[in-house]
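Examining the three-dimensional arrangement
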Amino acid sequence: KYLYIATSWIIRETEKQLIVMITDRTAEEDANKFKYKWLSTVSHEFRTPLNILCSMIEHLKNETELTARGQEFLQLGGTSMQLLQVYVADLVDYCLLRNNKFFVSCHPFDVVKSIRQCIEMVQLKAEDREISLECTIDIPNSS
């Protein structure tokens, strides 16, 4: 009789623990779904203002007469906005990846241009701190 009671108690306690574990797992899955939906929504919402700012910067570069320093600021602003667009696109890609909706596509890009843009973004800060930046890019011939 005692063995039956002990076994019965163990089974009931195990069932309770399983129910708690399933409930916790379901809550965790729901929280993750909400988190990725929120990330996806926020990243999409960032795209519109970023696109507007990028087009405004391009318009200012083409339509206004600025000093060389002003042009430099606009160029830096444009490069920074493009970088933010890349981050937002990465966030969208991450959400797609988490939802198994991500597809990889390869595109050529200009490595030298990317390096120069990185240097331009920190150049003004370096100049403010009286730091000299130099970059030499040596690309071997492909023949």
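Residues numbered from 1 in each chain as written. Predicted model: local features only at pLDDT ≥ 70, side-chain atom pairs only at ≥ 80, totals over all residues. Heavy atoms only, no water.

Structural notes on the overall build of the protein
When you go through the protein residue by residue, the secondary structure sums to three helices and zero strands. Each helix and strand of the protein, placed in order from N terminus to C terminus, yields the pattern α-α-α. Taken against the 2.2 N^0.38 rule, which gives 15 Å for 143 residues, the C-alpha radius of gyration of the protein at 27 Å runs more than 25% over that of a compact globule. Considering only C-alpha atoms, the protein reaches an extent of 95 × 40 × 35 Å along its principal axes. Burial analysis of the protein (143 residues in total) assigns 15% to the buried set. Carbon and sulfur atoms make up 61% of the accessible area of the protein, which amounts to about 12,100 Å² in all. (Helix = DSSP H or I, 4+ residues; strand = E, 2+ residues; numbered from the N terminus. Rg over C-alpha atoms; globule rule 2.2 N^0.38 Å. Buried < 20%, exposed > 50% of the residue type's maximum accessible area, 1.4 Å probe, protein only. Areas by Shrake-Rupley, 256 points an atom, 1.4 Å probe, with all protein chains shown as cover.)

A word on helix α3 (residues 111-128)
In an α-helix, one turn spans 3.6 residues, which is why side chains three or four residues apart end up on the same side. In this model, α3 (18 residues) spans 27 Å end to end at C-alpha, consistent with the 26 Å of a helix rising 1.5 Å per residue. The sharpest bend along α3 reaches about 35° and sits at V122. Listed as buried for α3 are V112, Q117, Q123, L124 and A126. Against the buried residues of α3 lie α2 (68-98). Residue E130 follows α3 closely and has a positive phi angle near 60°. (Expected span 1.5 Å × (residues − 1). Bend = angle between axes of the 7 residues up to and from the residue. Contact = heavy atoms within 4.5 Å.)

Regarding the state of the cysteines
Taken as a whole, this structure holds zero disulfides when the rule is applied. Lacking any disulfide linkage, C54 is separated from the closest cysteine sulfur, that of C118, by 16 Å. Take C118: it sits in no disulfide, and the sulfur closest to it among the cysteines is that of C135, at 9.7 Å. (Disulfide = S-S within 2.5 Å.)

Focus on α2
Between its first and last C-alpha atoms α2 spans 45 Å; for 31 residues at 1.5 Å apiece the expected length is 45 Å, and the two agree. Among all positions of α2, only G70, L74, L76, G78, T79, M81, V88, V92 and C95 are buried. Looking one or two residues past α2, N100 carries a phi angle of roughly 55°, positive in sign.

Observations concerning the layout of surface pockets
Its volume calculated, the largest pocket comes out at about 350 Å³. Taken together, T79, Q82, L83, V86, H107, P108, F109, S114, Q117, C118 and M121 form the lining of the largest pocket. Looking at the lining of the largest pocket, the elements that each hand over two or more residues are α2 and α3. The residue makeup of the lining of the largest pocket, split by class, is six nonpolar, five polar and no charged. (1 Å grid on protein atoms, 1.4 Å probe; cavity = no way out; pocket = protein on both sides within 12 Å on 5 of 7 lines; lining within 4 Å. Points joined across faces, edges and corners; volume = space filled by probe spheres on them. Nonpolar A, V, L, I, M, F, W, Y, C, P; charged D, E, K, R; others polar.)

Quick look at the pattern of salt bridges
Throughout the structure, instances matching the rule amount to three salt bridges. R69 is the partner of E72 in a salt bridge, and the nearest nitrogen-oxygen pair spans 3.6 Å. Highlighted residues: E72 and R69, both in helix α2, separated by three residues, approximately one helical turn. R69 serves as the salt-bridge partner of E127, at 3.1 Å between the closest nitrogen and oxygen. Of the two residues, E127 sits in helix α3 while R69 sits in helix α2, which places them 58 residues apart along the sequence. Classification of R69 as partly exposed rests on a relative accessible area of 35%. Each of the salt bridges in this network shares a partner with another, and the network as a whole consists of R69, E72 and E127. (Salt bridge = Lys/Arg side-chain N within 4 Å of Asp/Glu carboxyl O.)

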